Amino acid sequence: MLASRQFARRLATRNRRWASSHAATPALNQVTEEDLAQFSKILSPQSILSTLGSNSVASSELEPFNNDWMGKYHGDSTTVLRPHTTKEVSEIVRYCNERRIGIVPQGGNTGLVGGSVPTGRGEVVVSLRSMNNVRHFDPVSGTLVADAGCVLQSLTDYLAPHNYIMPVEFGAKGSCMIGGNCSTNAGGVRLLRYGSLHGTVLGLEVVLPDGTILDQLNTLRKDNTGYDLKQLFIGAEGTLGIITGVSILTPPAPQASSNAVLALPSFDSLLPLFQRAKRELSEILSAFEYIDRGAYELSVRHGQGRGLSPEESEGAECFVLIETSGGRREHDEEKLSNLLEGLLSEDKPLINTGVLSQDATQFASIWGLREGITEAVSKEGKAYKYDISIPLSAFKEVVDATRERLREKGLLRPDAVKEVVGYGHIGDGNLHLNVVAAKYTPEIEAALEPFVYELVGKYKGSISAEHGLGVMKAHALHYSKNEVSIEWMRRIKSLFDPNGIMNPGKVLPPPDGTHEPSPENTGTARIA
Ligand code: FAD
Ligand code: MLT
Ligand code: ZN
């Protein structure tokens, strides 16, 4: 422990020196009534929600924009702007840049790292939810061009009659928006099959921090004409500009999809099972998700979905959800049942039992079991969520080590930490380590951080596999990126946004180079 503290101190010193070449974050101004008058020259009165001015609303009306999905991060913005067009976004941003007012772009506000809520710097929230039209769809190529504020599920519904699906899918689909998905480079349960948004997004329309509209809304699959600027905004979490339009390649809907939930006697069966599933199901394997016992029980207890009966799940150390998607139902189902039968008939079976979905309701229920874990966790308590990339073989070890750490600290008790669970995307090497607490407390946070980040560092993993850094992990970036990379990230940020108006306090560590979480850089002062 002493060694790691010394290491952290050494890093901090080194980074302070390193950071001296950077200007301090420019000061930002609070929104005033005069600013509001200017915003009302750009937007209709219905598009402005503010606790200031003659049309002021109660601060409770701004709560859904000021508080994050987990109830962990709380902002205090006085003003939310809801533009309908890219031109309106551009005019708002140009004005805020001139006046040095911070902007928090917001989609569905389902982010899990506090990136989508203000940090007490007087920012305005620019909500994209009124920009929700599909601009174009080509049923031959499958290219969809949509406003950034289109809800993911509504795009799925739009595509269904054309026999196409969105390449990204996850539990927040009913609220998250395609602009937010691109800004976080969301992963989800289909990444194994369709790859990341860095591959499927063909073009973006972005309002840059000075108000300029960067129109790169290409629908071309191939375009090797120099730097691929759009990639910078995918995963930038709103720190480089506001995405207003997205062009995305959508895959044809599979003719048949099946799923199964399997109960494993021990974690040791997981990797051989994954290898076997890849080999035997090959091109039809579309998801391979991991659920440990604790996460499974939480999901069942909170009624998120069903799969196995209590007898069937008894004695299992962990569970797997397998999905197949292919062109011919009989062929795919035969492959999946052959796999399951083969697994069960071995001398030392890799699974205890498994249930194959028989109809659409059961299919949805099995997915509910997995996709509903996030909601189950938040029904159970307050979640410390660590979304990490580590070697598959270390998934259980990391959950166990974290639980042990909390036990040693005397925090594993019903009024502090209730549970430590793990689940995630085996196909992508992405574990979701969740610590479910009765409430957020500095004591629990201090026991977990930097402990978890150091553990991830030990495996040369990533502290954020798919949720981003937001405000939660900005100070911890050095666990996953070296100094040269962070320096070039800073340069890119100051090139695009020299006044630091775009989503201040997110993604990049504070300019003084400290790596300690502080109320300013983690929002902990405002933790519930
Ligand atoms: P928001 O939460 O509103 O914003 C997220 C970030 O993007 C913020 O930094 C915000 O400033 C920025 N942003 C939003 N819109 C724009 C824009 N138009 N231009 C520029 N910046 C913008 N994530 C995964 O990766 N995989 C999962 O499987 C997954 N499952 C989830 C399940 C549940 C139940 C929940 C609640 C969340 C889950 N998430 C998952 C996290 C989250 O839903 C995703 O990160 C999602 O992509 C965020 O989209 P959003 O529209 O809600 O964005
Ligand atoms: C998931 O895979 O369920 C999501 O990333 C959300 C979460 O981590 O809870
Ligand atoms: Zn996930």
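Bear in mind that the values here come from a model prediction, so they are computed numbers and not experimental data.

## Describing the overall build of the protein
Point 1. Secondary structure summary: the protein contains 20 helices and 16 strands in total.
Point 2. The C-alpha radius of gyration of the protein comes to 23 Å, within 12% of the 24 Å expected for a compact globule of 528 residues.
Point 3. Along the longest, intermediate and shortest principal axes, the C-alpha atoms of the protein span 75 × 60 × 45 Å.
Point 4. Residue burial in the protein is summarised as follows: out of 528 residues, 56% are buried.
Point 5. Long-range contacts, defined here as pairs at least 24 residues apart, represent 74% of the contacts in the protein between residues at least 6 apart.

## Things to note about the coordination of the zinc ion (ligand 3)
Point 1. In this structure, His 425 (NE2), His 432 (NE2) and Glu 466 (OE) serve as the protein donors to the zinc ion (ligand 3), at separations of 1.9 to 2.1 Å.
Point 2. Mapped onto the sequence, the residues coordinating the zinc ion (ligand 3) show the spacing H-x6-H-x33-E. Pair noted here: His 432 is in strand β16 (residues 430-437) and Glu 466 is in the loop between α18 (451-458) and α19 (483-496), with a separation of 34 residues, a long-range link.
Point 3. A relative accessible area of 4% means that His 432 is categorised as buried.

## What about the side chain of Lys 493?
Point 1. The topology assignment puts Lys 493 in helix α19.
Point 2. Within the structure, the side chain of Lys 493 is placed 2.8 Å from the backbone oxygen of Thr 239, a separation counted as a polar contact.
Point 3. The residues touching Lys 493, leaving out its near neighbours within four places in the chain, are Thr 239, Leu 240, Pro 498, Met 502 and Leu 508.

## Details of the nonpolar core
Note on soluble globular proteins: their nonpolar side chains tend to be buried together.
Point 1. Counting 66 residues, the largest nonpolar core has Leu 262, Leu 273, Phe 288, Ile 322, Tyr 386, Val 398 and Leu 431 as the members making the most contacts within it.
Point 2. Among all residues touching Tyr 386, those that are not within four sequence positions of it are Leu 431, His 432, Leu 433, Leu 448, Glu 449, Val 452, Tyr 453 and Met 472.
Point 3. Counting residues in each nonpolar core, the second largest holds 53 residues, with Ile 48, Ile 103, Ile 234 and Ile 501 among its members.

## Description of the site of ligand 2
Point 1. Leu 112, Arg 370, Thr 374, Lys 385, Tyr 423, His 425, His 432, Glu 466 and His 467 make up every residue found near ligand 2.
Point 2. Contact distances for ligand 2 include 2.5 Å between an oxygen atom and a side-chain N or O atom of Tyr 423.
Point 3. His 467 has a polar side-chain atom sitting 2.7 Å from an oxygen atom of ligand 2.
Point 4. Its free accessible area being 260 Å², ligand 2 has 88% of it covered by the protein chains.
Point 5. Its residues assigned to classes, the shell around ligand 2 shows 2 nonpolar, 4 polar and 3 charged.

## Notes on the packing of helix α2 (residues 33-42) against helix α4 (residues 86-99)
Point 1. For the pair α2 and α4, interaxial distance at closest approach is 10 Å and the crossing angle is 155°. Comparing their axes, α4 and α2 come out roughly antiparallel. Seen from above, α2 lies across α4 with right-handed handedness. Facing α2, whose interface residues are Glu 34, Asp 35, Gln 38, Phe 39 and Ile 42, α4 presents Glu 88, Glu 91, Ile 92, Tyr 95, Cys 96 and Arg 99.
Point 2. Its residues assigned to classes, the contact of α2 with α4 comprises 5 nonpolar, 1 polar and 5 charged.

## Notes on the sheet that holds strand β12 (residues 318-326)
Point 1. Strand order in the open sheet made by the 7 strands is β13-β10-β12-β11-β15-β16-β14, with antiparallel pairing throughout. Two strands close off the open sheet at either side, each with one partner strand: β13 (353-356) and β14 (382-389). Between one strand axis and the next, the sheet turns by 15° as a mean value, whatever way the strands run.
Point 2. As paired strands, strand β15 (residues 417-425) and β16 are joined by 8 bridges and run antiparallel to one another. Looking at the pairing, Val 421 lines up with Asn 434 of β16.

## Notes on the packing of aromatic side chains
Given two aromatic rings, one states the distance between the centres and the angle between the planes to describe the pair.
Point 1. This model, assessed by the stated rule, comprises 11 aromatic pairs.
Point 2. Their ring planes at 75° and their centres at 5.9 Å tell us that Tyr 386 and Tyr 453 sit as a pair that is edge-to-face. Residue Tyr 386 is located in strand β14, and its partner Tyr 453 is located in helix α18; the two are separated by 67 residues in the primary sequence. Of the two residues examined, Tyr 386 and Tyr 453, each falls in the buried class.
Point 3. Geometry around Trp 488 places Arg 491 over its ring, the cationic atom sitting 4.5 Å from the centre.

## Focus: the sheet that holds strand β7 (residues 201-207)
Point 1. Reading across the sheet, the 5 strands line up as β5-β6-β9-β7-β8 and stay open at both edges, with antiparallel pairing between neighbours. A single partner strand is all that each edge strand has here, and the edge strands are β5 (134-138) and β8 (213-216). The sheet shows a mean angle of 10° between the axes of neighbouring strands, taken without regard to direction.
Point 2. Sheet topology note: the strand β6 (residues 143-147)/strand β9 (residues 242-249) ladder contains 5 bridges and is antiparallel. Directly across from Thr 143, in β9, lies its bridge partner Leu 249.
Point 3. Each of β5, β7, β8 and β9 touches α4; the most contacted strand, β7, lies at about 50° to it.

## Considerations on the site of ligand 1
Point 1. If you check the shell around ligand 1, you find 34 residues, and the closest are Pro 105, Gly 107, Thr 110, Gly 111 and Met 177.
Point 2. Contacts to ligand 1 include Gly 107, whose backbone N or O atom sits 2.8 Å from an oxygen atom.
Point 3. Here a nitrogen atom of ligand 1 sits 3.5 Å away from a polar atom, N or O, in the main chain of Gly 238.
Point 4. Compared with its free state, where it exposes 960 Å², ligand 1 has 97% of that area covered by protein.

## Re the confidence of the model for the protein
Point 1. A residue-level look at the protein finds 92% of positions with pLDDT of 70 or above and a mean pLDDT of 92.
Point 2. Segment residues 1-23: pLDDT under 50, and 20 contacts once partners within four positions in sequence are set aside and those in other chains are kept.

## So, the environment of Glu 61
Point 1. Position of Glu 61 among the secondary structure elements: in the loop between β1 (48-50) and α3 (63-66).
Point 2. Measuring from C-alpha to C-alpha, the distance between Glu 61 and Ala 37 comes to 20 Å, with 24 residues separating the pair along the chain.

## Details of the packing of helix α16 (residues 395-408) against α18
Point 1. Where α16 contacts α18, the axes come no closer than 11 Å and their chain directions differ by 150°. With respect to α18, the axis of α16 lies roughly antiparallel. Crossing handedness for the pair α16 and α18: right-handed. Of the residues in α18, those in contact with Val 398, Ala 401, Thr 402 and Arg 405 of α16 are Phe 451, Val 452 and Leu 455.
Point 2. Each residue belonging to the contact of α16 with α18 can be placed in one class, and the counts come to 5 nonpolar, 1 polar and 1 charged.

Conventions adopted
Residues numbered from 1 in each chain as written. Chains lettered and ligands numbered in written order. Predicted model: local features only at pLDDT ≥ 70, side-chain atom pairs only at ≥ 80, totals over all residues. Heavy atoms only, no water. Helix = DSSP H or I, 4+ residues; strand = E, 2+ residues; numbered from the N terminus. Rg over C-alpha atoms; globule rule 2.2 N^0.38 Å. Buried < 20%, exposed > 50% of the residue type's maximum accessible area, 1.4 Å probe, protein only. Contact = heavy atoms within 4.5 Å. Donors = N, O, S within 2.8 Å, 3.2 Å for Na, K, Ca; no water. Polar contact = N/O pair within 3.5 Å; in protein donor to acceptor, adjacent residues only side chain to side chain. Core = buried A, V, L, I, M, F, W, Y, C linked by side-chain atoms within 4.5 Å. Near = heavy atom within 4 Å. Areas by Shrake-Rupley, 256 points an atom, 1.4 Å probe, with all protein chains shown as cover. Nonpolar A, V, L, I, M, F, W, Y, C, P; charged D, E, K, R; others polar. Axes fitted to C-alpha atoms, helices over the stretch in contact; angles between N-to-C directions. Parallel < 35°, antiparallel > 145°, perpendicular 65-115°, else oblique. Left-handed = near helix turned anticlockwise from the far one by under 90°. Pairing = 2+ DSSP bridges. Phe/Tyr/Trp six-rings, centres within 6.5 Å; stacked < 30°, edge-to-face > 60°. Lys NZ or Arg CZ within 6 Å of the ring centre and 35° of its normal. pLDDT = per-residue confidence, 0-100.

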